[in-house]
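Each chain, written out:
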Amino acid sequence: MIINPTPISIIGAGPTGALLAILLQRHGMRVNLYEKRPDPRKDLENSGRSVNLALADRGLHALIQAGVLAEISPALMPMRGRLIHHLDGTTILQPYGQKPDEIIHSVSRLRLNQILVEVAARQPGIEIYFEHSLEDADFRMGIAQVRALGQKRIIDVRMQPLLATDGAGSTLRKQLIRQKLIDAHEIELDHGYKELSIPAGTSGEHLLTPDVLHIWPRGSHMLIALPNTDGSFTATLFLPKNGAASFASLNAATIDRFFADTFPDVRALMPNCVREFSEHAVGFLGSVYANPWHYQSMAAMIGDAAHAIVPFHGQGMNCCFEDCVEFNSCVRRNNTWEAVFLEFESIRKPNTDAIATMALENYLEMREHVAHAKFQLQQSLALELEKRYPQNFIPRYSMVMFHHEIPYSVALNRGLIQSKLLAKLTLNANSLAEVDFAEAGREINSQLPPLALAL
Ligand SMILES: Cc1cc2nc3c(=O)[nH]c(=O)nc-3n(C[C@H](O)[C@H](O)[C@H](O)COP(=O)(O)OP(=O)(O)OC[C@H]3O[C@@H](n4cnc5c(N)ncnc54)[C@H](O)[C@@H]3O)c2cc1C
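Residues numbered from 1 in each chain as written. Predicted model: local features only at pLDDT ≥ 70, side-chain atom pairs only at ≥ 80, totals over all residues. Heavy atoms only, no water.

Peer 1: Help me understand the overall build of the protein, please; the structure alone is not making it clear to me.
Peer 2: Regarding its fold elements, the protein presents 15 helices and 20 strands. Taken against the 2.2 N^0.38 rule, which gives 23 Å for 455 residues, the C-alpha radius of gyration of the protein at 23 Å falls within 12% of a compact globule. On the protein, roughly 19,200 Å² of surface is accessible, and the fraction owed to carbon and sulfur atoms is 53%. Charged side chains in the protein number 42 positive and 48 negative. The centres of these two groups are separated by 3 Å. (Helix = DSSP H or I, 4+ residues; strand = E, 2+ residues; numbered from the N terminus. Rg over C-alpha atoms; globule rule 2.2 N^0.38 Å. Areas by Shrake-Rupley, 256 points an atom, 1.4 Å probe, with all protein chains shown as cover. Lys, Arg positive; Asp, Glu negative; His and termini not counted. Charge placed at Lys NZ, Arg CZ, Asp CG, Glu CD.)

Structural data, given as structure tokens:
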């Protein structure tokens, strides 16, 4: 276990930085947390309108480890499945799992961040400096430059060590790349996103089913909506950046028609969509790959800074929270920071690469496959096989979302075997009654050994 005589510096008080500070403080470490934006607790106006995140088992497990779940629970809205909205107005519910606790939770990113920052600020030994931005890092001298934005002065921060949780656009990562100390690249999708809203009804009620994630899959584009505790929904429109129906071609004059034609059942519930479409910026979607994630014993990247992923599995933040728990375990097991960084990377990198792959695959699944009959049959079969072989066959989505004890890399590998099996078993079947379950049993017993599951 490391004894650090001086405070650790963390850059970025987003979900990862705030949770990491809380966990490290529990070891008796002192933490200086620098955040370039103003204190999120003062951002009351936006509290119902920030991007919403799906919080699942890995994230919940981390919040329990940090002792903060009780404070976050009131901000969570349970979601038990996806409600698919077809163009003709019909809907179909696809449950996420089949046990009562197999649900995920919608949470406003801003509200979650406000609570984590509030808990961190209460801990003795954690100092938070808002409006302090990392600008530069001198790795020969072991000193980072942080600008105090209000006071227009630069502070020298010793990297003893410096932990960068400054998100997908990480300044520390850019400095490490510029000084040729790591290899890193970003793969940008040719799609972007915009946040839109579905306000609450006149009595503050939800105007769509509140306990599901709504999806309007339309091939090359889609709309999703996640519930908020105040009766509203936060909707996200994913579109290609260029082409026929794209952010480049649609504008304030054409977006209304586009919505009426493409998402007719929800258009009337989105009175602000033309204004929001015009005013809101197009968000970046992409994956970040870096190697290594650290430099000597001075600095390391954790969370999106090291491995941002596309949001289509709802796992980015869950994965970052899992990072925090694993990093904390590495701190306990090692005596030097370099050993911590090396062990952390060796455990996490195969897993973050795996979830990056699965998140990209899920993009196609959400836009297209969810609407296909064969996909729906395979989903039903996967749930049936889980009932019959609960230790051996767990749908990949469930392994990722409901089983923090199954590493992402295991979920990816077993998921591949399972998807081939589902395709084979449904090749000539149109319903569960037509599936050859004897063959399914033989294949499962030979290819999928039992998993050690958390009770
Ligand atoms: C549209 C969308 C939907 C998503 N949905 C989900 C979901 O459903 N479930 C899920 O688990 N994840 C989801 N994610 C991913 C999730 O938002 C991220 O994985 C998570 O926010 C990463 O947390 P972080 O703290 O590492 O980085 P960030 O949230 O980016 O926080 C970084 C912090 O560092 C600060 N900072 C940046 N640069 C500096 C600097 N130079 N100096 C000081 N401070 C700095 C920033 O101001 C910020 O506060 C989604 C992402 C998007 C874009």
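Peer 1: Would you explain unusual backbone geometry in this entry?
Peer 2: The general pattern is negative phi for most residues beyond glycine and trans for most peptide bonds. The step from Gln-160 to Pro-161 runs through a cis peptide bond, and the omega angle for that step is -10°. The step from Asn-291 to Pro-292 runs through a cis peptide bond, and the omega angle for that step is -10°. Considering the arrangement of structural elements, one finds Pro-292 in the loop between strand 18 (286–291) and strand 19 (294–295). The phi torsion at Glu-131 lies on the positive side, around 55°, for a residue other than glycine. Here Glu-131 lies in the loop between strand 8 (126–130) and strand 9 (132–138). The exposure class assigned to Glu-131 is partly exposed, which follows from its relative accessible area of 36%. Although it is not a glycine, Gln-296 sits at a positive phi angle of roughly 45°. Here Gln-296 lies in the loop between strand 19 and strand 20 (299–301). (Buried < 20%, exposed > 50% of the residue type's maximum accessible area, 1.4 Å probe, protein only.)

Peer 1: Just to check I follow, could you spell out the layout of surface pockets for this structure?
Peer 2: Taken as a whole, the second largest pocket spans an internal volume of roughly 820 Å³. Forming the boundary of the second largest pocket are 31 residues, of which Glu-365, Phe-375, Gln-379, Arg-396 and Leu-422 lie nearest the centre. Contributions of two or more residues to the lining of the second largest pocket are made by strand 6 (91–95), helix 11 (337–367), helix 12 (373–388), helix 13 (396–402) and helix 14 (408–426). The dominant element in the lining of the second largest pocket, judged by the number of residues it contributes, is helix 12, at seven residues. In this structure, the lining of the second largest pocket is formed jointly by two domains, domain 1 (8–75 + 108–187 + 286–362) and domain 3 (372–447), each of which donates at least three residues. (1 Å grid on protein atoms, 1.4 Å probe; cavity = no way out; pocket = protein on both sides within 12 Å on 5 of 7 lines; lining within 4 Å. Points joined across faces, edges and corners; volume = space filled by probe spheres on them. Domains from an automatic or database assignment.)

Peer 1: Looking at this structure, I do not really get the nonpolar core. What am I missing?
Peer 2: One recurring pattern in soluble globular proteins: nonpolar side chains tend to sit buried together. Membership of the largest hydrophobic core comes to 73 residues, with the highest contact counts inside it found for Leu-19, Leu-24, Leu-116, Leu-163, Leu-172, Met-301 and Phe-327. Beyond its immediate sequence surroundings of up to four residues, Phe-327 is in contact with Leu-20, Leu-24, Leu-163, Ile-302, Trp-337, Val-340, Phe-341 and Phe-344. Core analysis: the next-biggest nonpolar cluster, separate from the first, contains 35 residues, Ile-215, Val-310, Ile-394 and Ala-411 among them. (Core = buried A, V, L, I, M, F, W, Y, C linked by side-chain atoms within 4.5 Å. Contact = heavy atoms within 4.5 Å.)

Peer 1: What's the story with the sheet that holds strand 14 (residues 191–198) in this structure? I'm lost.
Peer 2: The strands making up a sheet associate through backbone hydrogen bonding, with each pair oriented either parallel or antiparallel. Spatial ordering of the open sheet is given by 6-5-15-16-17-14, a layout of six strands whose pairing is mixed. Each end of this open sheet is capped by a strand with a single partner; those strands are strand 6 and strand 14. Adjacent strand axes in the sheet meet at a mean angle of 20° when their direction is disregarded. As defined by bridge partners, strand 16 (residues 221–227) adjoins strand 17 (residues 233–240) across six bridges and the pair is classed as antiparallel. Residue Pro-227 lies in a different strand from strand 17, and its bridge partner there is Phe-233. Here helix 6 (residues 255–262) sits on the sheet and contacts strand 14, strand 15 (213–218), strand 16 and strand 17; the angle it forms with strand 16, its principal contact strand, is near 80°. (Pairing = 2+ DSSP bridges. Axes fitted to C-alpha atoms, helices over the stretch in contact; angles between N-to-C directions.)

Peer 1: Which parts of the structure should I look at to understand empty space enclosed by the protein?
Peer 2: Applying the stated criterion across every chain, the model contains one cavity of 30 Å³ or more. Volume-wise, the largest cavity comes out at about 30 Å³. If you go around the largest cavity, the residues you meet are Trp-293, His-294, Ala-300, Met-301, Ile-302, Phe-327, Phe-341, Phe-344 and Glu-345. It is helix 11 that contributes the most residues to the lining of the largest cavity, three residues altogether. Residue classes in the lining of the largest cavity are distributed as seven nonpolar, one polar and one charged. (Nonpolar A, V, L, I, M, F, W, Y, C, P; charged D, E, K, R; others polar.)

Peer 1: Any chance you could explain the pairing of strand 7 (residues 104–108) here in plain terms?
Peer 2: In terms of residue burial, strand 7 counts as a mostly covered element, since five of its five residues are buried. Both faces of strand 7 are covered, namely the face carrying Ile-104, Ser-106 and Ser-108 and the face carrying His-105 and Val-107. Looking at chain direction, strand 3 (residues 52–55) and strand 7 are connected through four bridges and run antiparallel. Directly across from Leu-55, in strand 7, lies its bridge partner His-105. As paired elements, strand 4 (residues 77–79) and strand 7 share three bridges and run antiparallel to each other. Of the residues in strand 7, the one forming a bridge with Met-77 is Ser-106.

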